[in-house]
2 protein chains.
Amino acid sequence: MLETAWRGIAIISASEAGYNLGEVIRQKLKSLEIPVIHYKYSEVDIGNIWDCFDGFIFVMALEGAVRTVCKYIKAKHLDPPVVSIDDNGRYIIPIIGGHWGANEMAIELSKILENNAIITTASELLNKPNVEQIAKRLIAKILNPEMIVKINSAFLRDEKVCFLSKDFIINIPLIKYGYDEECKYIITTDEEFKNNDKYVIYLKPLNLTLGIGSKRKIDIENLFENIERILRKYEIDKKRIKIIASIREEFKELAKKFNAEFRLISYKQIEEFSNPCLTPPSKKLVELGLKGVAEIAALIAAGGRNARLVLRKIPINNEATVAIASFEG
Amino acid sequence: MLETAWRGIAIISASEAGYNLGEVIRQKLKSLEIPVIHYKYSEVDIGNIWDCFDGFIFVMALEGAVRTVCKYIKAKHLDPPVVSIDDNGRYIIPIIGGHWGANEMAIELSKILENNAIITTASELLNKPNVEQIAKRLIAKILNPEMIVKINSAFLRDEKVCFLSKDFIINIPLIKYGYDEECKYIITTDEEFKNNDKYVIYLKPLNLTLGIGSKRKIDIENLFENIERILRKYEIDKKRIKIIASIREEFKELAKKFNAEFRLISYKQIEEFSNPCLTPPSKKLVELGLKGVAEIAALIAAGGRNARLVLRKIPINNEATVAIASFEG
């Protein structure tokens, strides 16, 4: 789960002991190339960032985590997975979103921290896929959410679910590729597919924008290769990058290589933009009076209210950062 | 904690496996003479009974318990202690009210069920007294709640707290009896006590009513002795019983022995009375078209909006039940 946490993990600690453990966790996740931000409980508006991350880790006594979560929960399929870890790191407890990643996250963290994951859901439900996770992996919108329950129930009963798509692949066990007459349950990205005898859920892969920030002129060919590598790692087809955005005109060259539109963003636009999901700027950037560029550029290019950060900024060779946002269109 | 759960423990189970484990827990608590009621999640309005019990046990996955608790929590000092136990009885997890009894309850249940209590609060805070618990043990109202934090902080720092009372004793370690010049923090039932150099919290012990139900004529002397034994067990001074209430005139004799007023309650009053905290009648009573009498009689005699069930009905020799309610007066 952690390796696909493209939107990152938020760690929230309350006490000094919790902060120290939170820093240990942050370093370990960072070393695994997982985007991670550590907030102090007293300094963050959690409601503001509730929809911004793929998972939350509350480093505090369970009761504190529960009372906090209670303020923000909406519904099972809307809330992020949340894991609570006590200040001693002894118990790693999924609080909500057990079947939406929290159990997996707790198990992975228990290996990293060499301590106990407290899993309280029926074990036979562990690791079953569900439509929401598949949509997230594909960066897709679910066009007929009323069908979610039907398909998810089929996964729970271990019935065959088929995935039908011309352009997309997805690496999830239990899913059969392609279509055959036996498949009663079908997930497809093909809006034209119709079959009234089947249960069909339609996913619409969203268009993507790539934002780039860099401090100086860098080699475009090398950058292109690195971005290609990152996209492969996250199983994102490079053809989906529709717009490349930056404050530096030189990246027009890069856009050509992606067959994408280039969007030049002004300093003023960067300054004026705000979004609760942005990664807070590092101390170094703050001292220089700068804001991060990659996430803002990606979000501005994605435009409008449906723009959503889907890959939190990641560094490339310490000379650039890239981030990806999605938009419907 | 369980042995002073006079208002009883509510078990709430969601699945069939959970129901079976809930029944095991109910039988074990019952055998320890702890008042306990087991509800099915789908059949109970939890909001209605939230303030009626000394503790809740949710037998279900933690997430279900958390999402349920989230609907009803008010504030740390107002919520009941809640413990969650997964359907396999593997993990016994205090969710809220850790320092208000949930940690203790989880530890005691872990011994009963021979399994793991998952305590995530700082261990040095375990078993510290607090003003709310002392007031509950004394069945008393806190007259100046604004002082609670000061006194509780003193307990947490292991400072000396004195208990000053002409009539009441309380069995809590860390409390020094009586008053000396060294005591900076004082809990008292004496409204006349004044000392501006000290932090003083005033507890007003409430008056009590005793309700009795019985199926047939029973020996009053024997009943009196049994009730005296129960009151001693719960450390309730018998002088505090101000009213004895029943639908049977013969208990007038019992009232005389307690130096208490007797209140005859009519069948009609019993029929018309409702209160969310009443113990649901047994199947046997329902078949006979009857409601329990003891709790209703106690609550009617206590009258008005401040009436509160403080001892859930307990059987005496299988021939009578008694319950206690409190009222300000």
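Conventions we followed
In every chain, residue numbers begin from 1 and rise along the written sequence. Labels follow written order: the first chain is A, the first ligand is 1, and so on. Where totals are concerned, whole chains, interfaces and linings use all residues; where local detail is concerned, this predicted model gives features only for residues with pLDDT of at least 70, and gives and counts side-chain atom pairs only at 80 or more. The side-chain values count all of the structure's non-hydrogen atoms but skip hydrogen atoms and water molecules. Helix and strand definitions here come from DSSP, where helices need a minimum of 4 consecutive H or I residues and strands a minimum of 2 consecutive E residues; each element is numbered from the N-terminal end. What the globule rule says is 2.2 Å times the number of residues to the power 0.38, and the radius of gyration is computed from C-alpha atoms. Exposed residues in this analysis have more than 50% of their type's maximum accessible area, buried residues have under 20%, and partly exposed residues fall in between, with area computed by a 1.4 Å probe over protein chains only. Contacts: residue pairs with any heavy atoms within 4.5 Å of one another. The method behind every accessible area is Shrake-Rupley, applied with a 1.4 Å probe, and residues are considered shielded solely by the protein chains displayed. Neither His nor the chain ends contribute to the count of charged residues, in which Lys and Arg are positive and Asp and Glu negative. To locate a charge, the coordinates of NZ of Lys, CZ of Arg, CG of Asp or CD of Glu are taken. Each Phe, Tyr or Trp ring, with Trp reduced to its six-membered ring, pairs with another whose centre is within 6.5 Å; inter-plane angles below 30 degrees give stacked pairs, above 60 give edge-to-face pairs, and intermediate values give tilted ones. The criterion for strand pairing is that DSSP finds at least two bridges linking the strands in question. Lines fitted to C-alpha atoms define the axes here, with helix axes fitted over just the stretch in contact, and angles between the N-to-C directions of these axes take values from 0 to 180 degrees. Here, a salt bridge means any Lys or Arg side-chain nitrogen found within 4 Å of an Asp or Glu carboxyl oxygen. Copy-to-copy alignment: least squares on C-alpha atoms, limited to residues at pLDDT 70 or above in both. In plain terms, two cysteine sulfur atoms within 2.5 Å form what is called a disulfide here. The arc in question is formed by the directions pointing from the helix axis toward the C-beta atoms. Seen with its strands pointing away from the viewer, a crossover is right-handed if its path from the first strand over the helix to the second goes clockwise.

J.: Which parts of the structure should I look at to understand the overall build of chain A?
T.: When its secondary structure is counted, chain A shows 11 helices and 16 strands. Against the compact-globule benchmark of 20 Å for 329 residues, chain A has a radius of gyration of 20 Å, which places it among compact chains. Expressed along its principal axes, the backbone C-alpha trace of chain A runs to roughly 55 × 50 × 30 Å. Taken over 329 residues, chain A has a buried fraction of 54%. Put simply, of all contacts in chain A between residues at least 6 apart along the chain, 62% involve residues at least 24 apart. Surface accessibility of chain A: about 15700 Å² in total, with carbon and sulfur atoms responsible for 50%. Measuring between centres, the 47 positive side-chain charges of chain A sit 2 Å from its 44 negative side-chain charges.

J.: Explain the packing of aromatic side chains here, please?
T.: The relation between two aromatic rings is expressed through the spacing of the ring centres and the mutual angle of the planes. Residues and elements named next belong to chain B. Within the structure shown, the criterion is met by 16 aromatic pairs over all chains. Consider the rings of Phe 53 and Phe 56, whose centres lie 5.8 Å apart with planes at 70 degrees: the pair is edge-to-face. Judged by relative accessible area, which is 2%, Phe 53 ranks as buried. Judged by its relative accessible area of 0%, Phe 56 falls in the buried class.

J.: What should I look at first to understand the sheet that holds strand 8 (residues 161-164) of chain A in this one?
T.: Two pairing modes exist for strands in a sheet, parallel and antiparallel, and in both the strands are linked by backbone hydrogen bonds. Residue and element names in this part refer to chain A. Read across the sheet, 5 strands follow the order 7-11-10-8-9 without closing on themselves; strand pairing throughout is mixed. Two strands close off the open sheet at either side, each with one partner strand: strand 7 (140-142) and strand 9 (175-177). Strand after strand, the sheet turns through a mean of 30 degrees between neighbouring axes, direction not considered. Pairing geometry for strand 7 and strand 11 (residues 199-205), over 3 bridges, is antiparallel. By the bridge assignment, Lys 141 is partnered in strand 11 with Lys 204. Taken strand by strand, helix 5 (residues 131-138) contacts strand 7, strand 8, strand 9, strand 10 (185-188) and strand 11, and its axis lies near 150 degrees from that of strand 7. Running over the sheet, helix 6 (residues 148-156) touches strand 7, strand 8, strand 9, strand 10 and strand 11 and is turned about 115 degrees from strand 10.

J.: How do you make sense of the side chain of Ser84(A) when you look at a structure like this?
T.: Residue and element names in this part refer to chain A. Within the element layout of this structure, Ser 84 appears in strand 4 (residues 82-85). Owing to a relative accessible area of 1%, Ser 84 belongs among the buried residues under this scheme. Not counting chain neighbours up to four residues away, the residues in contact with Ser 84 comprise Phe 58, Met 60, Leu 62, Ala 65, Tyr 91, Ile 92, Ile 93 and Ile 95.

J.: Mind showing me how you'd approach the environment of Ile142(A) here?
T.: Residue and element names in this part refer to chain A. With respect to the secondary-structure elements, Ile 142 resides in strand 7. For the pair Ile 142 and Ile 201, spaced 59 residues apart in sequence, the C-alpha to C-alpha distance is 7.5 Å. Contact partners of Ile 142, with chain neighbours within four places excluded, come to Val 131, Glu 132, Ala 135, Ile 148, Ile 201, Tyr 202 and Leu 203.

J.: When you look at the pattern of salt bridges in this model, what are you seeing that I'm missing?
T.: Should the charged atoms of two oppositely charged side chains come close, the side chains can pair. Inspection of every chain in the model, using the stated rule, returns 40 salt bridges over all chains. Across the pair Lys252(B) and Glu249(B) runs a salt bridge, and its minimum N-O distance is 3.7 Å. Accessibility expressed as a relative area gives 47% for Glu249(B), which makes it partly exposed. Linked by salt bridges that have partners in common, Arg7(A), Asp54(A) and Lys136(A) make up one network.

J.: What is the right way to read unusual backbone geometry from this model?
T.: Residues and elements named next belong to chain A. Positive phi, normally seen in glycine, also occurs at Ile 139, with a value near 50 degrees. Structurally, Ile 139 can be placed in the loop between helix 5 and strand 7. A positive phi angle is found at Asn 318, which is not glycine, with a value near 60 degrees. When you line up the elements, Asn 318 lands in the loop between strand 15 (308-316) and strand 16 (320-327). Looking at Asn 318, the relative accessible area reads 63%, which means it is exposed.

J.: Would you mind going over the relation of the copies chain A and chain B with me for this structure?
T.: Two chain copies, one operation linking them: a rotation about an axis together with a shift along it. When chain A is fitted to chain B, the best match, at an RMSD of 0.0 Å, comes from turning it 180 degrees and sliding it 0.0 Å along the axis. Expressed as an axis order, the relation between the two copies is that of a two-fold axis. It is Cys70(A) whose C-alpha, among those of chain A, lies nearest the rotation axis, at 2.4 Å.

J.: Mind showing me how you'd approach the state of the cysteines here?
T.: Residues and elements named next belong to chain A. Per the counting criterion, the structure on display carries 5 disulfides over all chains. A sulfur-sulfur separation of 1.6 Å characterises the disulfide bridge that pairs Cys 162 with Cys 183. One end of the pair, Cys 162, is in strand 8; the other, Cys 183, is in the loop between strand 9 and strand 10, and 21 residues separate them in sequence.

J.: Could you clarify how one ought to interpret the sheet that holds strand 1 (residues 9-13) of chain B in this entry?
T.: Residues and elements named next belong to chain B. What the 6 strands build is an open sheet, ordered 2-1-3-4-5-6; its pairing is mixed. Two strands in the sheet have a free side with no partner beyond their single neighbour: strand 2 (36-40) and strand 6 (116-117). Bridge count for strand 3 (residues 55-59) against strand 4 (residues 82-85) is 4 bridges, and the pairing is parallel. Across the sheet, Ile 57 pairs through a bridge with Val 83, a residue of strand 4. Sheet strands touched by helix 4 (residues 102-113): strand 1, strand 3, strand 4, strand 5 (91-96) and strand 6. Its angle to strand 5, the strand with the most contacts, is close to 165 degrees.

J.: Would you mind showing me how to read helix 5 of chain A here?
T.: Residues separated by three or four positions in an α-helix point in the same direction, a consequence of the helix having 3.6 residues per turn. Residues and elements named next belong to chain A. For helix 5, the complete set of buried residues consists of Val 131, Glu 132, Ile 134, Ala 135 and Leu 138. With its buried residues spanning 165 degrees around the axis, helix 5 presents them on a single face. Buried residues along helix 5 sit in contact with strand 7, helix 6, strand 8, strand 9, strand 10 and strand 11. Looking one or two residues past helix 5, Ile 139 carries a phi angle of roughly 50 degrees, positive in sign.

J.: Please explain the pairing of strand 1 (residues 9-13) of chain A as it appears in this structure.
T.: For a regular strand, side-chain orientation follows a simple rule: the groups alternate between the two sheet faces. Residues and elements named next belong to chain A. Buried residues dominate strand 1, accounting for 5 of its 5 residues. The pairing of strand 1 with strand 3 (residues 55-59) spans 5 bridges and is classified as parallel. Residue pairing in the sheet places Ile 9 in a bridge with Gly 55 of strand 3. Bridging between strand 1 and strand 2 (residues 36-40) involves 5 bridges; their strand directions are parallel. By the bridge assignment, Ser 13 is partnered in strand 2 with Lys 40. Once you follow strand 1 into helix 1 (residues 16-31) and on to strand 2, the crossover reads as right-handed.

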